[in-house]
Amino acid sequence: MRSVLAAALAGTLAIGCSEAPVGRAVEADATTRVYVAAGVRTMDPARPQATAVAVADGRVVAVGDLDSVRERIGDDFELDRRFADLILMPGFIEPHLHPYLAGVLLPMEFITPHDWSLPGRQVAGVRGRDGYLVRLAAHEASLADGEWLWTWGFHHYFHGRLSRADLDAISAERPMVVWHRSFHEVILNSAAIAALEFDDSVDEHPNVNLADGHFYETGLGAAIAKLSPYLFDPERYGRALDEAREIIHRGGITTVSDGAFGLVDLELELGFLERGGWGGDETPFRMILMPDGRVEGSTAPEASLALIETLPARSTDRLRFPKSVKLFADGAAYSQLMRLRDGYLDGHHGEWLMTPEELEEAARVFWNAGYQIHVHVNGDLGLEKVLDVLEKLQTENPRDDHRFTLHHFMIAGLDQIPRIAELGAMVSANPFYIWALADKYAEVGLGPERAALTVPAGSVVEAGIPLSFHSDFTMAPAQPLVLAWAAASRLTADGNRPGPEQRISVQEAMEAITTDAAFQLRMEDEIGSIEVGKRADFTVLDTDPFEVPVDELRNIQIWGTVYEGRPYPVD
C-alpha cells in the first residue's frame with residue numbers, strides 16, 4: 001500500500017498542513033517560575049498533595065507549599081498565581097490515538113448512534129434504520145453536483161443493515177462512502193465502485209462482498225488503497241490534522257502515543273505531522289510514534305524490523321520513535337468481529353487481523369530483538385491466543401520487564417486475568433465501550449452476562465496489573481477524564497450500570513491516565529506524576545476530581561495545559 005500512496009500523492013506534501021498553532025505558549029522563558037494553585041494532585045504517593053510547584057528549564061524543581069518551595073529554591077523566582085483558583089494534575093497521557101484516523105474521519109459528516117461534541121460543531125445522534133436513512137439522504141441533498149459523499153458513524157446494530165443497493169436508492173450518480181463506526185468497515189455505492197475502478201477480482205477476498213459494496217477487516221485495505229488519493233488530499237487532510245491537534249489539547253493531554261504509526265504509509269503520515277507543526281513549539285504535547293509491525297507486510301516481519309530499526313534516529317523531542325511495535329490479533333469491538341471462545345448468539349463469527357500463526361511469527365522477531373510489543377486484541381479467544389504467544393516467547397527467551405501490553409480489551413474471561421498477571425503483561429483498555437456498547441451487546445450477539453463484563457477493569461486492578469485508558473479516537477472522545485469516568489462509573493448511554501462490581505476507584509481511574517500510562521510507555525522517569533526532576537507537564541482543571549461525585553468526573557472543565565513549564569490555555 002505504501003507504493004500505491006507514493007505514486008498517487010507524489011509531490012503533494014509541500015502544500016500539506018497549515019502552520020496554525022493550537023494554543024500559544026504564555027511567557028515562555030527560562031526563569032524559574034513557581035505556580036501556585038488551589039490544589040496540586042501530584043499522583044506521587046510520597047507527596048500526593050501540594051499547593052505550589054516550581055519549574056525551571058521545563059522540569060519540576062520543587063513541590064510543596066509556597067514556604068517549603070521557597071526554602072528549597074531560594075527567593076530568585078517569578079511567582080505565578082494564574083492557577084490560584086484551579087487544580088493542577090500531571091499532564092494526561094493518551095496511550096493510543098491515531099492522527100491518521102482523525103485526519104481521515106474528521107472531514108466526514110458524522111451520522112452516529114450517539115451525540116458528538118467537536119470544535120465548532122455539535123452532532124446529534126440518531127438510531128433506527130429510518131432515522132439513519134433520512135439523515136443520510138438529507139446530507140446527500142445538501143451536497144453540490146459532482147461532490148462525493150463521505151460519512152462516518154454508521155453501526156448496523158443501531159441503524160439496521162445497509163448495502164450498496166440502499167445507497168444507490170439515495171443516489172445512483174453521486175459516489176457515496178459510508179465508513180462504519182468501527183473504522184474497520186466501509187460500504188460503497190455503485191457510483192463509488194465505478195469511480196474507483198474495482199474489478200471483479202476484489203470479490204475473491206474473503207472480507208469483501210462487492211455485491212453489497214462491503215469491505216471489512218483485512219478487506220478494508222483494498223478499499224483504502226483506492227480511496228487514499230481522496231482521503232489524503234493535502235488540504236482536506238491538513239485541515240483535519242489541525243482540528244485533531246485542537247481536540248487533543250482540549251482533552252488536557254500532554255503526551256500521545258500513536259498505537260500503529262505507519263498503518264497506511266509511514267513516510268506520508270510522518271510528513272503530514274512534520275509539515276503540520278506537530279513537532280513545533282506551538283504544539284503543547286509530544287507524540288510517541290509506535291510503528292505498525294506490518295509496515296512492510298505481515299508476511300515479512302524481518303523486513304518490517306529492518307525498517308523500524310532505522311526510525312529512532314529520526315526522533316525529535318516532540319515526535320519520538322521508541323523501541324516498541326504494534327501487532328494485531330482479532331477484529332473490531334464496534335463491528336462484533338472480535339473472536340470469542342463461546343461464539344456469538346446469532347452464529348456469526350469474528351475475524352483475525354493476523355492469524356495466531358502470523359502473530360506468533362511477527363512477535364517472535366520483535367521479541368528477540370528486544371522490542372516492547374503492544375497487541376490489538378478485543379475478544380477472549382483473541383486474548384487466549386495472544387497469551388499463548390507471550391507464554392511461548394517467554395519460555396523460549398525469558399525477558400524481564402518486557403511490558404507486553406494488551407490494547408482495547410473489550411471482552412476478557414475472568415479466568416484469563418490471573419494469567420495476564422502471571423505472564424507480566426499489562427492492559428490498555430478503552431472503557432468507553434461500556435458506555436457505548438454494553439447495553440446493545442446485551443441484546444445482540446453477546447447476551448447480558450458477557451456484556452456485563454465489558455472491559456473488566458475492576459478485576460484487572462485487583463490482580464495488580466498496570467492499567468491505562470485510551471480513546472483510540474474516534475472510537476471514543478479524546479478526553480481522558482471521560483475515560484476515567486466511564487471506568488469508575490460504568491454508566492451506559494441508556495443509564496444502566498452493567499457489572500457494577502467491575503467499577504474502580506477515582507484514584508485508580510486517575511492512575512490509568514497518568515502514572516500507569518507513563519509506565520506502559522516506559523516514560524515513568526519523565527512524566528505521569530508531578531515530582532522533582534520530571535517534565536513540568538500539567539493538566540489544569542477547574543475542579544478537583546477527587547472532590548466530586550464519580551458521575552461528575554466527565555463534567556470537569558479543562559483550563560488548558562502546561563507543557564514543559566509553558567502554559568497553553570484552551571482557546
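Reading guide: rules and limits
- Residues numbered from 1 in each chain as written.
- Predicted model: local features only at pLDDT ≥ 70, side-chain atom pairs only at ≥ 80, totals over all residues.
- Heavy atoms only, no water.
- Pairing = 2+ DSSP bridges.
- Helix = DSSP H or I, 4+ residues; strand = E, 2+ residues; numbered from the N terminus.
- Axes fitted to C-alpha atoms, helices over the stretch in contact; angles between N-to-C directions.
- Contact = heavy atoms within 4.5 Å.
- Core = buried A, V, L, I, M, F, W, Y, C linked by side-chain atoms within 4.5 Å.
- Buried < 20%, exposed > 50% of the residue type's maximum accessible area, 1.4 Å probe, protein only.
- Lys, Arg positive; Asp, Glu negative; His and termini not counted.
- Salt bridge = Lys/Arg side-chain N within 4 Å of Asp/Glu carboxyl O.
- Polar contact = N/O pair within 3.5 Å; in protein donor to acceptor, adjacent residues only side chain to side chain.
- pLDDT = per-residue confidence, 0-100.
- Patch = residues over 30% accessible without salt bridge, like charges linked within 9 Å, V, L, I, M, F, W, Y side chains within 5 Å.
- Areas by Shrake-Rupley, 256 points an atom, 1.4 Å probe, with all protein chains shown as cover.
- Charge placed at Lys NZ, Arg CZ, Asp CG, Glu CD.
- Phe/Tyr/Trp six-rings, centres within 6.5 Å; stacked < 30°, edge-to-face > 60°.
- Lys NZ or Arg CZ within 6 Å of the ring centre and 35° of its normal.

Engineer: What should I look at first to understand the sheet that holds strand β4 (residues 78-90) in this one?
Structural biologist: What holds strands together in a sheet is hydrogen bonding between their backbones, with the strands either parallel or antiparallel. Ordered in space as β3-β2-β1-β4-β22-β23-β24, the 7 strands form an open sheet in which the pairing is mixed. Either end of the sheet is taken by a strand with one partner, and the two such strands are β3 (59-64) and β24 (566-569). Across the sheet, the mean angle separating the axes of adjacent strands is 35 degrees when strand polarity is ignored. Sheet analysis places strand β22 (residues 538-541) next to strand β23 (residues 558-563), joined by 4 bridges and oriented antiparallel. Bridge pairing in β23 links T539 to T561. Lying on the sheet, helix α2 (residues 66-73) is in contact with β1 (33-41), β2 (49-56), β3 and β4; it crosses β3 at an angle near 130 degrees.

Engineer: Teacher, can you tell me more about the nonpolar core here?
Structural biologist: Soluble globular proteins tend to pack their nonpolar side chains together in the buried interior. Judged by nonpolar contacts, the single largest core of 142 residues is most densely connected at W179, F183, L406 and F469. Of the residues forming this core, the biggest block, 8 residues, is contributed by helix α18 (residues 480-489). Of all hydrophobic cores here, the second largest spans 16 residues; its members include Y35, V60, F83 and I530.

Engineer: I would appreciate a short explanation of the side chain of E185 in the present structure.
Structural biologist: Tracing the sequence through the fold places E185 in strand β11 (residues 185-188). One buried charged residue, E185, forms no salt bridge at all, with the nearest opposite charge on R161 at 6.3 Å. A polar atom in the side chain of E185 sits 2.6 Å from the side chain of S335. In this structure, E185 is in contact with H156, V178, W179, H180, H214, F215, Y216, L220, S335 and L337, ignoring residues within four places of it in sequence.

Engineer: Would you explain unusual backbone geometry in this entry?
Structural biologist: Apart from glycine, the bulk of residues carry a negative phi angle, and the bulk of peptide bonds sit in the trans form. Across the junction of F473 and T474, the peptide omega takes the value 20 degrees, indicating a cis bond. Positionally, T474 belongs in the loop between β21 (467-469) and α18. Within the chain, D401 stands out as a residue other than glycine whose phi angle is a positive 55 degrees. By secondary structure assignment, the location of D401 is in the loop between α13 (380-396) and β19 (405-408).

Engineer: Any chance you could explain the sheet that holds strand β6 (residues 109-110) here in plain terms?
Structural biologist: Taken together, 6 strands build an open sheet; the order of strands is β6-β9-β10-β11-β13-β12 and the sheet is mixed. Bordering the open sheet on either side are β6 and β12 (208-209), each of which pairs with just one other strand. Bridge count for strand β10 (residues 176-180) against β11 is 3 bridges, and the pairing is antiparallel. The residue bridging W179 from the neighbouring strand is V186, located in β11. Along the sheet face, helix α4 (residues 129-142) touches β6, β9 (149-154) and β10 and points at about 160 degrees away from the line of β9.

Engineer: Looking at this structure, how should I read the pattern of salt bridges?
Structural biologist: Two side chains that carry opposite charge are able to pair once their charged atoms sit near each other. One pass over the structure, following the stated rule, counts 37 salt bridges. Close ionic contact of D494 with R127 constitutes a salt bridge, the shortest N to O distance being 3.5 Å. Of this pair, D494 sits in the loop between α18 and α19 (506-511) while R127 sits in the loop between β8 (121-123) and α4, placing them 367 residues apart in sequence. Overall, D494 belongs to the partly exposed group, its relative accessible area being 45%. Of the residues examined, R127 reaches a relative accessible area of 38% and is grouped as partly exposed. The closest approach of N and O atoms between R174 and E140, which form a salt bridge, is 2.9 Å. Of this pair, R174 sits in the loop between α6 (164-170) and β10 while E140 sits in helix α4, and the two are 34 residues apart along the sequence.

Engineer: What am I meant to see in the confidence of the model for the protein chain here?
Structural biologist: Do not read the predicted coordinates in detail wherever pLDDT is low. Taken residue by residue, the protein chain gives an average pLDDT of 93. The fraction at 70 or more is 94%. Residue range residues 1-21 is modelled with pLDDT below 50. Its contacts to residues more than four positions away, or to other chains, number 45 contacts. The low-confidence segment residues 24-29, where pLDDT is below 50, has 16 contacts with residues more than four positions distant or belonging to other chains.

Engineer: Looking at this model, I keep getting lost on a negative patch on the surface. Mind explaining?
Structural biologist: Side chains of D199, D200, D203 and E204 sit close together on the surface and give a patch of like negative charge. Residue D203 is classed as partly exposed on the basis of its relative accessible area, which comes to 38%.

Engineer: Help me understand the environment of L149, please; the structure alone is not making it clear to me.
Structural biologist: Take L149: it is sitting in strand β9. Separated by 221 residues in the primary sequence, L149 and G370 place their C-alpha atoms 45 Å from one another. Excluding residues that lie within four positions of it along the chain, L149 makes contacts with L136, H139, E140, L143, R174, P175, M176 and V177.

Engineer: How should I be thinking about the packing of aromatic side chains in this particular structure?
Structural biologist: Describing an aromatic ring pair means giving the distance of the ring centres and the angle of the ring planes. For the structure shown, the criterion picks out 22 aromatic pairs. Arranged with centres 6.1 Å apart and planes meeting at 85 degrees, the rings of Y157 and Y441 form a pair that is edge-to-face. A residue pair is termed long-range when its members are at least 10 positions apart, and Y157 in helix α5 (residues 156-159) and Y441 in helix α15 (residues 432-443) qualify at 284 residues. Take Y157 and Y441: they sit in the same class, and that class is buried. Grouped by ring-pair contacts, the aromatic residues Y100, W179, F183, F232, Y237 and F272 constitute a single cluster. The ring of W150 has R236 lying over it, and the distance from NZ or CZ to the ring centre is 5.2 Å.

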